[in-house]
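These are the residues of each chain, in order.
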Amino acid sequence: MQIHNTLSGQKEEFQPLEPNKVKMYVCGPTTYNFIHLGNARPLVVFDCLRRYLAFRGYDVFYVQNFTDVDDKIIDRSRELGEEPLQLAARFIGEYFRDADALGIMRANIHPRVSEHMTEIVEAVGVLIEKGFAYVVDGDVYYRVRAFADYGKLSNRNLDDMLAGARVEVDGRKEDSADFALWKSAREGELFWESPWGPGRPGWHIECSVMSNRYLGKTLDIHGGGNDLVFPHHENEIAQSEALNGQKFVNYWMHNGFITINNEKMSKSLGNFFILRDVLDKYPADVVRYYLIATHYRSPLDFDDTKLEEARRALGRLKNTLVLAGEFIAAGAEESGTVAGESRLLAEIKQLELDFIEAMDDDFNTARAMGCYFEMARALNSFVAAGDSQDAGQRRELSEAIGIFRKLGDVLGIFIEAEGSRPEQVEGVLEIYVELRQAARKEKDWASADRIRDILGESGIQIQDGSEGSKCRYDGSPGLEALMGGLMELRVMFRGKKDFAKADLIRDELRKKGIIVEDTKDGARWRILD
RNA sequence: GGGCGGAUGGCGAAGUGGCUAACGCUGUGGUCUGCAAAACCACCAUUCACCGGUUCGAAUCCGGUUCCGCCCUCCA
């Protein structure tokens, strides 16, 4: 298995510290707002990586922190008049709502800065003792010149950085590149006690301390967005390696950025999309698919048409599951068992190997996705040409689809959509009303009665008045049953060659985002997400 | 100024020395269908920003040019 390591700038063979175990740490959000689409990329990417490692037999221990003490949180809390820690805790809750919706597995541990102050203060103290840090007026700075390897991750040296000269000069610092480990509290600000006076930690020290606490001095994989390479991860290395005297991280992985019109999406530019707003318009599995359909290190440009495309592509994949499911369910009796030559299974297994090879190559989800679509085509093809009455074929397809689903779960693209859709129930009832009126007009009493009966089974009374019919019901009728009824009616009208009504069902549903598809002996429906 | 990465068909996106340049979306033709939808089959880049070089052979390696993004300041 090859992983691109930012430290070397190359792909390297992955060798975990302990056989079959992976210790990984991913930088989590600063919780002062809802997360945006850009935040979602590393979440999905590293969630996928984690699932894949587990699939490959590794026991993954995954830590993701929350920065719940930070200048931005303090600023925001002033704006909103809410206690900083309370505000942070609230947005941690919101974070989980979003992450859960996206199907992100929870980390084994989600440590928070506010709960690790003792260790942080202790670590800063050790850095001072060892000569890697110094105190100025209650602030503590890391002495960058003391750490010989400073710049090894981001490939820069201190002298070049000065030449760029966009670093603000703070006369109190020994070197302009020195960064804060501890910031003294200003009047009325949130603070913790320390030997250097009341204050709070600088941004970088938390990750060093918390990863050390839960994963030890050296970890296998550390992930995060590209922009964290410098200064955040560079500083983490400086702190951890100065503290522990040994290598901090074996593999550094960084995801590329999401851009809008080829410009970075960020809070500071104001061109960001809140994930929750995106999830209002597109289902979570579509967003997830979109985020992994491109290699994780490539930039990803965002606009609505990309999600539209993702929706269609993913729809094809999901449809394979539906088609195969029907095929497998078609014949109950075990008759006509002729053991097939298993060409399908052989093909699927080969594609699974291709898939694994792609993923092993620096986690190439884009290439793996290609294999996955080829699997879908093979499965669809089998369904189209096969005989569902043949138990042997059903068994073969069943085994093949098992592999297909397993790999889909590694990618996490088959998330169940949550929640009922009351607005769709209403829409469906309108169609019933229209059908009943049409049937009554034509004195097609049998059809009209059948419509009333179907509704009755869902606890809905249809009442015919002089201006039309109305539906009355208590509670929330299930969409499934109502749709099942419409499918029955469509089949019935088609049987009578009453295409006007059969088409009315299809066309009206289409307008409401539901697709009707006729099958050999019935009809099925699906929601166009 | 320094560091990193990118430029592949109508769109998105794989591919790092050699079979027909994956895969998806879109489009076109066909099969199926009452008509559709879905599915299946077929077609859609003599060409990989540009110039030069290495090589029997390059989208892939080397040199140069142009354009673009990111980092050097909080940001995934």
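Structure's up top.
Residues numbered from 1 in each chain as written. Chains lettered and ligands numbered in written order. Predicted model: local features only at pLDDT ≥ 70, side-chain atom pairs only at ≥ 80, totals over all residues. Heavy atoms only, no water.

Here we come to the sheet that holds strand β8 (residues 199–201). Strand order across the open sheet formed by 4 strands is β5-β6-β7-β8, with antiparallel pairing between neighbours. Among the strands making up the open sheet, the edge pair consists of β5 (133–136) and β8. Going across the sheet, the axis of each strand differs from the next one's by a mean of 20°, ignoring polarity. By the bridge criterion, 4 bridges tie β5 to strand β6 (residues 139–142) in an arrangement that is antiparallel. Across the sheet, residue A133 finds its bridge partner in β6, namely Y142. (Pairing = 2+ DSSP bridges. Helix = DSSP H or I, 4+ residues; strand = E, 2+ residues; numbered from the N terminus. Axes fitted to C-alpha atoms, helices over the stretch in contact; angles between N-to-C directions.)

Next up on the list: the nonpolar core. In summary, soluble globular proteins display a tendency toward joint burial of nonpolar side chains. The biggest cluster of nonpolar side chains holds 86 residues, and the ones touching the most others in it are M24, I221 and V287. Excluding its chain neighbours within four sequence positions, the residues that come into contact with M24 are F46, L49, L53, V60, F61, Y62, V63, L215 and I221. Core analysis: the second largest hydrophobic core is formed by 41 residues, V124, V140, Y142 and M210 among them. (Core = buried A, V, L, I, M, F, W, Y, C linked by side-chain atoms within 4.5 Å. Buried < 20%, exposed > 50% of the residue type's maximum accessible area, 1.4 Å probe, protein only. Contact = heavy atoms within 4.5 Å.)

One open sheet holds the 3 strands; their spatial order is β12-β11-β13, and the pairing between them is mixed. Here the strands that pair on one side only, and so sit at the sheet edges, are β12 (263–264) and β13 (300–302). As paired elements, strand β11 (residues 258–260) and β12 share 2 bridges and run antiparallel to each other. By the bridge assignment for β12, T259 is matched with K264.

In an α-helix, one turn spans 3.6 residues; hence positions three or four apart end up facing the same way. For helix α13 (residues 391–411), built from 21 residues, the straight-helix expectation of 30 Å at 1.5 Å per residue is met to within 8% by its first-to-last C-alpha distance of 30 Å. Near the N-terminus of α13, the side chain that reaches the backbone nitrogen of G392, with its oxygen 2.8 Å away, is that of D390. Directly beyond the C-terminal end of α13, a positive phi value near 70° is found at G412. (Expected span 1.5 Å × (residues − 1). Polar contact = N/O pair within 3.5 Å; in protein donor to acceptor, adjacent residues only side chain to side chain.)

The next subject is the side chain of Q64. Of note, Q64 is situated in strand β4 (residues 59–64). Accessibility expressed as a relative area gives 3% for Q64, which makes it buried.

Scanning the model with the defined rule gives 52 salt bridges in all. Ionic pairing is found between R172 and D139, a salt bridge with its closest N-O pair at 2.7 Å. Of this pair, R172 sits in the loop between α5 (158–164) and β7 (180–184) while D139 is found in strand β6, placing the two residues 33 residues apart along the sequence. Exposure remark for R172: the relative accessible area of 33% places this residue in the partly exposed category. Its salt-bridge partner being D149, residue K152 comes within 3.6 Å of it at the nearest N-O pair. Under the relative-accessibility criterion, D149 is labelled partly exposed at 39%. (Salt bridge = Lys/Arg side-chain N within 4 Å of Asp/Glu carboxyl O.)

Orientation of helix α11 (residues 343–360) relative to α13, taken along the N-to-C sense of each, is 15°, at an axis distance of 9 Å. As far as their axial angle goes, α13 and α11 are roughly parallel. Relative to α13, the crossing made by α11 is left-handed. Between α11 and α13, the residues in contact are R343, L344, L345, I348, K349, E352, F355 and M359 and E396, L397, E399, A400, I403, K406, L407 and L411, respectively. Residue composition of the contact of α11 with α13, by class: 10 nonpolar, no polar and 6 charged. (Parallel < 35°, antiparallel > 145°, perpendicular 65-115°, else oblique. Left-handed = near helix turned anticlockwise from the far one by under 90°. Nonpolar A, V, L, I, M, F, W, Y, C, P; charged D, E, K, R; others polar.)

Turning to the environment of L153, a few remarks are in order. Mapped onto the fold, L153 is located in the loop between β6 and α5. It is 4.9 Å that separates the C-alpha atoms of L153 and L7, two residues lying 146 residues apart in sequence. Ignoring anything within four residues of it in the chain, the contact list for L153 reads T6, L7, V229, H233, E234, I237, W252 and H254.

A few words now on helix α7 (residues 229–244). Most of α7 sits out of view: 14 of its 16 residues are buried. Of the residues one or two after α7, G245 is the one with positive phi, at around 65°.

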